[in-house]
Amino acid sequence: MNETAATASDPRHPERAELDRLVACEYCDAVYRRMPISPGERAQCVRCGGELYHESRRAYRRLLPLVVTALILFIVSNAYPIVEMDLRGVRTQTTLWGAVQALYADDMTLVAVLVFATTILFPLTEMLMMLYLLVPMAENRMPRGFDRIVRGIRQTRPWGMIEVFMIGVLVSLVKLSTMAEVLPGIALWSFGALVVVLAAMLSFDPRDLWRYLERPPR
Ligand SMILES: [Zn+2]
């Protein structure tokens, strides 16, 4: 893993330095040489108009507070009940984990696994991987296994579907409200907030993390 030592500034790898300066359009695969741009500016593809990159060399610094907020909201969302129902005097409440267990007990194993993976496992894995990278990066250290973790983040990202889950919960709440008295729990609100924080967090392109390698800590 001494790969990270060979960076753009390494005179022993001039061809690699040249490669690091190239950027491919994500939409039409046109290749450009990366030019320095100022914060707030965007480089656009002349062929298709897609955004190539924006100045984000230090964008990951703003990411750490978002990831920590998301983790706290995630813990709250899982620790408290999502809904409380009152069906003719019988009160029941459920947490997300309780819902997964109930699905499993009802022989809906596949649904239980899907809900668990898309709302707990993958979002949590991505947040922990981000934290693992961002804490040492904030201290200008190089996290071990940087390349594997960045690839991991890109791979787990499509599997986190908390917002899909939220829509499902809201639809069921509206339907159930005709049969029972439905009280939204703390977790429902924190899930709502989590969706917003995650959206902000996911607007960050993990490809930008690679740029960190070009300016490694001494
Ligand atoms: Zn293009």
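Residues numbered from 1 in each chain as written. Predicted model: local features only at pLDDT ≥ 70, side-chain atom pairs only at ≥ 80, totals over all residues.

Caption draft 1: Region of the structure containing the overall build of the protein. On a plain count of helices and strands, the protein comes out with eight helices and seven strands. Within the protein, the proportion of its 218 residues that are buried is 18%. Contacts in the protein between residues far apart in sequence, at least 24 positions, make up 62% of those at least 6 positions apart. (Helix = DSSP H or I, 4+ residues; strand = E, 2+ residues; numbered from the N terminus. Buried ≥ 20, exposed ≤ 12 C-beta atoms within 10 Å, placed from the backbone. Contact = placed C-beta atoms within 7 Å.)

Caption draft 2: Representation of the pairing of strand β5 (residues 83-87) in the model. Relative to strand β6 (residues 90-94), β5 runs antiparallel, the two sharing five bridges. Opposite Met85, over in β6, you have Thr92 as the bridge partner. In this antiparallel pair of consecutive strands, β5 and β6, the connection spans two residues, and Arg88 shows a positive phi of 50 degrees. Where β5 meets strand β7 (residues 181-184), four bridges bridge the pair, whose relative direction is antiparallel. Opposite Met85, over in β7, you have Val182 as the bridge partner. (Pairing = 2+ DSSP bridges.)

Caption draft 3: Spotlight on the environment of Leu133. Mapped onto the elements, Leu133 comes out in helix α4 (residues 109-138). The exposure class assigned to Leu133 is buried, which follows from the 25 C-beta atoms found within 10 Å. Taking the C-alpha atoms as reference points, Leu133 and Phe146, separated by 13 residues in sequence, lie 7.0 Å from one another.

Caption draft 4: The arrangement of helix α7 (residues 186-202) in detail. With 17 residues, α7 extends 24 Å between its outermost C-alpha atoms, agreeing within 8% with the 24 Å of an ideal straight helix rising 1.5 Å per residue. When we look at burial in α7, the residues that qualify are Ala187, Leu188, Ser190, Phe191, Leu194, Val197 and Leu198. Tucked inside the fold, the buried residues of α7 contact α2 (60-79), β5, α3 (96-105), α6 (162-176) and β7. (Expected span 1.5 Å × (residues − 1).)

Caption draft 5: Up close: the packing of α2 against α7. Put simply, α2 and α7 touch, their axes get as near as 8 Å, and they point 155 degrees apart. In terms of orientation, α2 lies roughly antiparallel with respect to α7. Considering only the axes of α2 and α7, their crossing is left-handed. Where α2 abuts α7, its residues Leu63, Leu66, Val67, Thr69, Ala70, Leu73, Phe74, Val76 and Ser77 lie against Ile186, Ala187, Ser190, Phe191, Ala193, Leu194, Val197, Leu198, Ala200 and Met201. (Axes fitted to C-alpha atoms, helices over the stretch in contact; angles between N-to-C directions. Parallel < 35°, antiparallel > 145°, perpendicular 65-115°, else oblique. Left-handed = near helix turned anticlockwise from the far one by under 90°.)

Caption draft 6: Inspection of the nonpolar core at higher detail. Counting 30 residues, the largest nonpolar core has Val67, Ala70, Ile82, Met130, Leu133, Leu134 and Leu194 as its most contacted members. Residue assignment for this core shows that the elements contributing at least two residues are α2, α3, α4, α5 (146-156), α6, α7 and α8 (207-214). The contact partners of Leu133, leaving out residues within four places of it in the chain, are Pro143, Phe146, Ile149 and Leu209. (Core = buried A, V, L, I, M, F, W, Y, C linked by C-beta atoms within 7 Å.)

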